[in-house]
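Structure at a glance
Next come the chains, spelled out residue by residue.
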Amino acid sequence: GIQVEQSPPDLILQEGANSTLRCNFSDSVNNLQWFHQNPWGQLINLFYIPSGTKQNGRLSATTVATERYSLLYISSSQTTDSGVYFCAVGGSQGNLIFGKGTKLSVKP
Amino acid sequence: EAGVAQSPRYKIIEKRQSVAFWCNPISGHATLYWYQQILGQGPKLLIQFQNNGVVDDSQLPKDRFSAERLKGVDSTLKIQPAKLEDSAVYLCASKGGRNTDTQYFGPGTRLTVL
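Treat the numbers as computed from the prediction; the structure is a model and nothing was measured.

Attention now moves to the sheet that holds strand 7 (residues 59–64) of chain A. Consider a sheet: its strands pair through backbone hydrogen bonds, and that pairing is either parallel or antiparallel. Residues and elements named next belong to chain A. One open sheet holds the five strands; their spatial order is 1-3-8-7-6, and the pairing between them is antiparallel. The open sheet has two edge strands, strand 1 (4–7) and strand 6 (52–56), and neither has a second partner. Each neighbouring strand pair of the sheet contributes to a mean axis angle of 15°, computed without reference to strand direction. Taken together, the six bridges between strand 7 and strand 8 (residues 69–74) define a ladder with antiparallel strand orientation. Paired with Thr-63 across the bridge in strand 8 is Ser-70.

The following block contains the structure:
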């Protein structure tokens, strides 16, 4: 099956810093989503981005489908950005296959 | 638009007991998923429904787990009997309506098996 690898596994930032999270996947996909899991466990949709670039406020994402990777950019990080960021790609039945996540801690 | 609802939010049981979780998807969403998230890992699919039919249950431990979506709306996931390794967060997600690409997740049920 499709393998999803995320890096780095852990990231500590000072408030105001920028960061880039990476997601590599092992096969062609027609669905890729980025999620933020907050400290209470809720998975929040950030982007549906099987290809191209999207931006939403301080967050942006780019997927290069031909090279099988996606990047999530966080600019001017805030303490509320803390949590775990997951990349998930579409399986053959429309389910999502998740990576292990990047745990982000933003310090004031 | 209301999100995916799940209950209970937390459950503590002893091993060999049974437990059931409930999910109400976003109105009009035909596809419903149950995922299991073990601490420190990403969610893993247990079962996928399309309306009231099962699309994929290949990763559901069928000797102890069962799930149903009788009227194509609400769904229940049951574990009987529970094992220690079933301690996890059980997430329900749905997809459908105008946006058929994006899955939306509920808040999850955190299960602790003692």
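Attention now goes to the packing of aromatic side chains. One pass over the structure, following the stated rule, counts nine aromatic pairs over all chains. Taking the centre distance of 6.0 Å and the plane angle of 35° together, the rings of Tyr-33 of chain B and Tyr-35 of chain B count as tilted. Between the aromatic rings of Phe-65 of chain B and Tyr-90 of chain B, the centroid separation amounts to 6.4 Å while the plane-to-plane angle is 40°, which identifies the pairing as tilted. With Phe-65 of chain B in strand 7 (residues 65–68) and Tyr-90 of chain B in strand 9 (residues 88–96), this pair connects stretches of sequence that are 25 residues apart. Here a set of aromatic residues connected by ring pairs shows up, and it is made of Phe-35, Phe-86 and Phe-98 of chain A together with Tyr-33, Tyr-35 and Phe-105 of chain B.

Below, the discussion takes up the interface of chain B and chain A. Each partner contributes residues to the interface: chain B has 21 residues there, and chain A has 18 residues. The interface formed by chain B and chain A contains zero salt bridges. The tally of links between chain B and chain A comes to six residue pairs in polar contact (both at pLDDT 80 or more). Breaking the side of chain B that touches chain A down by element, the ones donating at least two residues are strand 4 (31–37), strand 5 (44–50), strand 6 (53–56), strand 9 and strand 10 (99–105) of chain B. Sorting elements by how many residues they give to the side of chain B that touches chain A places strand 10 of chain B first, with five residues.

Another aspect to go through is the side chain of Arg-69 of chain B. All names here are of chain B. With respect to the helices and strands, the residue Arg-69 is situated in the loop between strand 7 and strand 8 (75–79). The side chain of Arg-69 is buried and forms no salt bridge, while Asp-74, the nearest opposite charge, is found at 7.3 Å. At 2.9 Å, the side chain of Arg-69 forms a polar contact with the backbone oxygen of Val-73. Excluding residues within four positions of it along the chain, Arg-69 makes contact with Pro-25, His-29, Ala-30, Thr-31, Leu-32, Phe-49, Gln-50, Asn-51, Asn-52, Asp-74 and Ser-75.

Residues and elements named next belong to chain B. Burial of the side chains of strand 11 (residues 109–113) is restricted to one face: Thr-109, Leu-111 and Val-113 are buried, whereas none of Arg-110 and Thr-112 on the reverse face is. Across four bridges, strand 2 (residues 10–13) lies against strand 11 in parallel orientation. Residue pairing in the sheet places Ile-13 in a bridge with Val-113 of strand 11. Strand direction decides the pairing type here: strand 9 and strand 11, joined by three bridges, are antiparallel. For Ala-88, the partnering residue across the bridge sits in strand 11 and is Leu-111.

Of the pockets and cavities examined, the largest pocket occupies roughly 420 Å³. Lining the largest pocket we find 21 residues, and of these Gln-37 and Val-84 of chain A together with Gln-37, Leu-39 and Gly-40 of chain B sit closest to its centre. For the lining of the largest pocket, the elements supplying multiple residues, two or more each, are strand 9 (83–90) and strand 11 (102–107) of chain A. For the second largest pocket, the calculated volume is near 280 Å³. Along the wall of the second largest pocket there are 14 residues; nearest its centre are Ile-97 and Phe-98 of chain A together with Gly-42, Pro-43 and Lys-44 of chain B. When contributions to the lining of the second largest pocket are tallied by element, the ones reaching two or more residues are strand 10 (96–98) of chain A together with strand 5 of chain B. The element best represented in the lining of the second largest pocket is strand 10 of chain A, accounting for three residues. Of the residues that constitute the lining of the second largest pocket, the class distribution is six nonpolar, six polar and two charged.

On to the state of the cysteines. Residue and element names in this part refer to chain A. Tallied over the full model, the rule gives two disulfides over all chains. Disulfide pairing places Cys-23 opposite Cys-87 at an S-S distance of 2.0 Å. Its S-S torsion of approximately -60° makes the covalent link between Cys-23 and Cys-87 left-handed. Taken together, the positions of Cys-23 in strand 3 (residues 19–25) and Cys-87 in strand 9 put the pair 64 residues apart, joining distant regions of the chain. Judged by its relative accessible area of 0%, Cys-23 falls in the buried class.

Definitions and limits used
Residues numbered from 1 in each chain as written. Chains lettered and ligands numbered in written order. Predicted model: local features only at pLDDT ≥ 70, side-chain atom pairs only at ≥ 80, totals over all residues. Heavy atoms only, no water. Pairing = 2+ DSSP bridges. Helix = DSSP H or I, 4+ residues; strand = E, 2+ residues; numbered from the N terminus. Axes fitted to C-alpha atoms, helices over the stretch in contact; angles between N-to-C directions. Phe/Tyr/Trp six-rings, centres within 6.5 Å; stacked < 30°, edge-to-face > 60°. Contact = heavy atoms within 4.5 Å. Salt bridge = Lys/Arg side-chain N within 4 Å of Asp/Glu carboxyl O. Polar contact = N/O pair within 3.5 Å; in protein donor to acceptor, adjacent residues only side chain to side chain. Buried < 20%, exposed > 50% of the residue type's maximum accessible area, 1.4 Å probe, protein only. Lys, Arg positive; Asp, Glu negative; His and termini not counted. 1 Å grid on protein atoms, 1.4 Å probe; cavity = no way out; pocket = protein on both sides within 12 Å on 5 of 7 lines; lining within 4 Å. Points joined across faces, edges and corners; volume = space filled by probe spheres on them. Nonpolar A, V, L, I, M, F, W, Y, C, P; charged D, E, K, R; others polar. Disulfide = S-S within 2.5 Å.

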